[in-house]
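# Coordinate analysis (summary)
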Amino acid sequence: MTFNGENLKQSLNSSSPSSPSSSLSSTSLDGLLNRTITVELQKPTDHHENQLLTTIPNRSKKYATTLNHFEKQCISELQSALAACFLVEHSLPCAGHFASLTEAYNWPAVYSKRVSRFCRSLPAFNALPSFSDQLVILRSAYLYVLSLRAFFAYDHSLGGYYILADEAGTESLFLSASLAEGHYKGEWIEESNRMLRQFQGVMESDEVIRDLLIGFFLFRGSPLYKKCSPQSLELVSYQQQRYLRLLYRYLVHKWANLKVAGERYSAILKVVETFEELTARSKVLLQEVDVSLFSDLLKEIYEL
């Protein structure tokens, strides 16, 4: 499917009742974005760093092992945005199970308004200097944000995870990994489970680590983000690095030990690749479903 910026306009904008109404379907990303953006998107930026923080800083013995006020505020801002937009799915009444892969692959569409509100609640996202670049970032990050939450919540004892049954968020549905059985060999499934356990092991069941990685992937997503304008790319690169720095600082604060924090940080950077591979593997299963049954929104999410 060719991306022209139109199908994604709905996903960012369901949170503003004063936004102009859209003539597009409310079930597609187009209308959601149009209904939310009512103010100018350009904000002054003064960012100069373009390299990701992929190595451990060389710190002196006086390096602070506690988060300062600004760092705490940045983390709190991110967590508050996520908490306001997403629910704890496994705590909701379960309405049943997904019966097929095709049915299961429709679940990301249920979260379109929530992902949109999350994006629009972050100053860094609103600071992107053009409407079209916001659409590119949303499309690039959509599946990564949802997959990270899902893989973090995966319950190995149950063999799956819970997702919202509908947009209202009053019930959940259980998505079992067993749906992939019969479509792929046991070795493929076992390898996926091993990668998932590796991912969860490094995450340490720590929601702060998860949330900081969500912030990172919001501005990393798929390579589509590279289609942004040069001015936006500078801001996007800065935000990638900013969230990685906050992650490192949080680990220093958590462990109060630079050596341990450095080891944990390096392990997380490695598992980022594992997460990206798991997300790619989930897309491979699309070969086994009838994508003609997907809405335009889903086709855009899966880049079909």
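For the structure itself, look to the data block above.
Small disclaimer: the values here were computed from a predicted structure and weren't measured.

Okay, the sheet that holds strand β2 (residues 160-164) next. Strand pairing within a sheet occurs via backbone hydrogen bonds; the two strands may be parallel or antiparallel. Read from one edge to the other, the open sheet built from three strands follows the order β1-β3-β2, with strand pairing classed as mixed. Each edge of the open sheet is held by one strand with a lone partner, namely β1 (94-97) and β2. Taken pair by pair, the neighbouring strands of this sheet meet at an average axis angle of 30°, ignoring direction. In this structure, β1 lies alongside strand β3 (residues 172-176), joined through two bridges in parallel fashion. Opposite Cys 94, over in β3, you have Ser 172 as the bridge partner.

Time to look at helix α4 (residues 112-120). Taken across its nine residues, α4 has seven buried, putting it largely inside the fold. Burial in α4 covers these residues: Ser 112, Arg 114, Val 115, Ser 116, Phe 118, Cys 119 and Arg 120.

Pairing of side chains with opposite charge becomes possible as their charged atoms draw close. Evaluation of the coordinates by the stated rule reveals ten salt bridges. Residue Glu 167 is joined to Lys 113 by a salt bridge in which the shortest nitrogen-to-oxygen separation is 3.5 Å. Of this pair, Glu 167 sits in the loop between β2 and β3 while Lys 113 sits in helix α4, and the two are 54 residues apart along the sequence. In the salt-bridge network here, residues are joined through shared partners; they are Glu 204, Asp 206, Lys 254 and Arg 264.

This part covers the packing of α4 against helix α6 (residues 131-153). At a minimum axis distance of 11 Å, the contact between α4 and α6 shows a crossing angle of 120°. As the angle between them shows, α4 and α6 are arranged oblique. As for how α4 packs across α6, the hand of that crossing is right-handed. From α4, Ser 112, Val 115, Cys 119 and Arg 120 reach across to α6, where they touch Gln 134, Leu 138, Tyr 142 and Leu 146. Here the residues of the contact of α4 with α6 sort into five nonpolar, two polar and one charged.

So, on to the side chain of Glu 71. Relative to the elements of secondary structure, Glu 71 occurs in helix α2 (residues 69-85). Excluding its chain neighbours within four sequence positions, the residues that come into contact with Glu 71 are Thr 66, Leu 246 and Arg 249.

Right, let's talk about the pairing of β3 for a bit. The element β3 is largely enclosed, with a buried count of five among its five residues. Burial of the side chains of β3 extends over both faces: Ser 172, Phe 174 and Ser 176 are buried on one face and Leu 173 and Leu 175 on the other. Direction of pairing for β2 relative to β3: antiparallel, over a ladder of five bridges. Counted as the bridge partner of Tyr 161 is Leu 175 from β3.

A word on the nonpolar core. Counting 85 residues, the largest nonpolar core has Phe 86, Trp 107, Tyr 111, Phe 118, Phe 199, Leu 212 and Leu 247 as the members making the most contacts within it. No other element matches the 13 residues that α6 contributes to this core. Not counting the four nearest positions on each side in its chain, Leu 212 is found in contact with Ile 75, Leu 78, Tyr 243, Leu 246, Leu 247 and Tyr 250.

Here we take up α6. End to end, α6 covers 33 Å across 23 residues, agreeing with the expected 33 Å (1.5 Å per residue, within 8%). A large share of α6 lies buried, amounting to 20 of its 23 residues.

This paragraph deals with unusual backbone geometry. When glycine is set aside, most residues are seen to have a negative phi, and most peptide bonds are trans. Positive phi, normally seen in glycine, also occurs at Ser 205, with a value near 55°. Take Ser 205: it is sitting in the loop between α7 (186-203) and α8 (207-218). For Ser 205, a relative accessible area of 66% corresponds to the exposed category. Phi at Ala 256 is positive, roughly 50°, even though this residue is not glycine. Secondary-structure assignment places Ala 256 in the loop between α9 (230-255) and α10 (258-284).

Calculation rules
- Residues numbered from 1 in each chain as written.
- Predicted model: local features only at pLDDT ≥ 70, side-chain atom pairs only at ≥ 80, totals over all residues.
- Heavy atoms only, no water.
- Pairing = 2+ DSSP bridges.
- Helix = DSSP H or I, 4+ residues; strand = E, 2+ residues; numbered from the N terminus.
- Axes fitted to C-alpha atoms, helices over the stretch in contact; angles between N-to-C directions.
- Buried < 20%, exposed > 50% of the residue type's maximum accessible area, 1.4 Å probe, protein only.
- Salt bridge = Lys/Arg side-chain N within 4 Å of Asp/Glu carboxyl O.
- Parallel < 35°, antiparallel > 145°, perpendicular 65-115°, else oblique.
- Left-handed = near helix turned anticlockwise from the far one by under 90°.
- Contact = heavy atoms within 4.5 Å.
- Nonpolar A, V, L, I, M, F, W, Y, C, P; charged D, E, K, R; others polar.
- Core = buried A, V, L, I, M, F, W, Y, C linked by side-chain atoms within 4.5 Å.
- Expected span 1.5 Å × (residues − 1).

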